[in-house]
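The residues making up each chain are set out below.
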Amino acid sequence: TASKRTYAALRESERRLDQALRVSRIGIFDHDHHSGATYWSPQQRLIHGVGADDPVSLELYLERVHPADRERITAAVRNADDPNGDGAFEVEHRIILPDGSIRWTRTSAQTFFEGQGTARRIVRTVGAVRDITQQKEREERQKTLATLVAMSRDFIGLATLEGRVVYLNEAAMSLVGLPSLEEARQTTIFDCLAGSDQKAAHEQFYAELLAAGSWSGELRLRHFQTGAPIDMEITAFLIRDDFGA
């Protein structure tokens, strides 16, 4: 009875782990260096485009690696397999699926050893793999957008609702005479306004922006070094978080 209870508890634990891995979309692999036997979880097979009954191996994993990343991955594997090291392996790289599509993955693995000193030998490597293609695509879009914003000749800025400057591109800082982003972050939108007559205009801009989510119109800014007025045609948008704030 005790054995059956232990077995049932183990099976339930395995079921929960399997469900957690499927929900998290994390693939698991386990390679025995003595026997050469390799295990890939169903999610691992899905990530690499391998059928449920297809044979798997460490060589297959390396074959899937994008040619441009292969040398780097091979070096990382060699480093993890070094008996004098800690066996850690953490790397992001591309893989090519059988249909020719390219995916980004993050692999975290640990190689285990036995013995001491010159007798230390590899026993097994266990790891987890996650598909991070969407994350990489977002990062690439953000990098492209950041480059376009930075190189734009238009005044582009970001500020908190309290008016504190978060970001100004080079064109904006040049236009209002601020030498650096660090100095710009010490200012507020109110500091940029030219004259007290602009306060009412800014308050109207602010009220309409909060009500409609966007605003277009004219405001007069000032040059921080010379004080000269600068008439600006501005388009502003609210940026909301996932909760609508």
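Values in this document were obtained by computation on a predicted structure and should not be read as measured data. (Residues numbered from 1 in each chain as written. Predicted model: local features only at pLDDT ≥ 70, side-chain atom pairs only at ≥ 80, totals over all residues. Heavy atoms only, no water.)

### Observations concerning the layout of surface pockets
Empty space among the atoms can be located by rolling a probe the size of a water molecule over them.
Part 1: Size it by volume and the largest pocket reaches roughly 1200 Å³.
Part 2: Along the wall of the largest pocket there are 34 residues; nearest its centre are Gly157, Leu158, Ala159, Ala236 and Phe237.
Part 3: Elements represented by at least two residues in the lining of the largest pocket include exactly strand 6 (157-159), strand 7 (165-168), helix 8 (189-192), helix 9 (197-212), strand 8 (214-222) and strand 9 (229-237).
Part 4: A per-element tally of the lining of the largest pocket places strand 9 first, with 6 residues.
Part 5: A breakdown of the residues in the lining of the largest pocket according to their chemical character gives 26 nonpolar, 5 polar and 3 charged.
Part 6: Taken as a whole, the second largest pocket spans an internal volume of roughly 320 Å³.
Part 7: Around the second largest pocket sit 14 residues that line it, and Arg25, Arg103, Asp131, Ile132 and Gln134 are the ones nearest its centre.
Part 8: It is helix 5 (residues 133-151) that provides the largest number of residues to the lining of the second largest pocket, a total of 4 residues.
Part 9: When its residues are assigned to classes, the lining of the second largest pocket shows 4 nonpolar, 5 polar and 5 charged. (1 Å grid on protein atoms, 1.4 Å probe; cavity = no way out; pocket = protein on both sides within 12 Å on 5 of 7 lines; lining within 4 Å. Points joined across faces, edges and corners; volume = space filled by probe spheres on them. Helix = DSSP H or I, 4+ residues; strand = E, 2+ residues; numbered from the N terminus. Nonpolar A, V, L, I, M, F, W, Y, C, P; charged D, E, K, R; others polar.)

### Topic: the sheet that holds strand 5 (residues 121-131)
Part 1: Spatial strand order, 2-1-5-4-3: 5 strands in an open sheet with antiparallel pairing. Each edge of the open sheet is held by one strand with a lone partner, namely strand 2 (38-40) and strand 3 (88-96). The mean angle between the axes of side-by-side strands here comes to 20°, regardless of whether they run parallel or antiparallel.
Part 2: In terms of strand pairing, strand 1 (residues 26-32) meets strand 2 through 3 bridges, oriented antiparallel. Bridge pairing in strand 2 links His31 to Thr38.
Part 3: Sheet contacts for helix 4 (residues 67-80): strand 3 and strand 4 (102-114); angle to strand 3, the most-contacted strand, approximately 160°.
Part 4: Its contacts with the sheet place helix 5 against strand 3, strand 4 and strand 5, and it is angled at close to 125° to strand 4. (Pairing = 2+ DSSP bridges. Axes fitted to C-alpha atoms, helices over the stretch in contact; angles between N-to-C directions. Contact = heavy atoms within 4.5 Å.)

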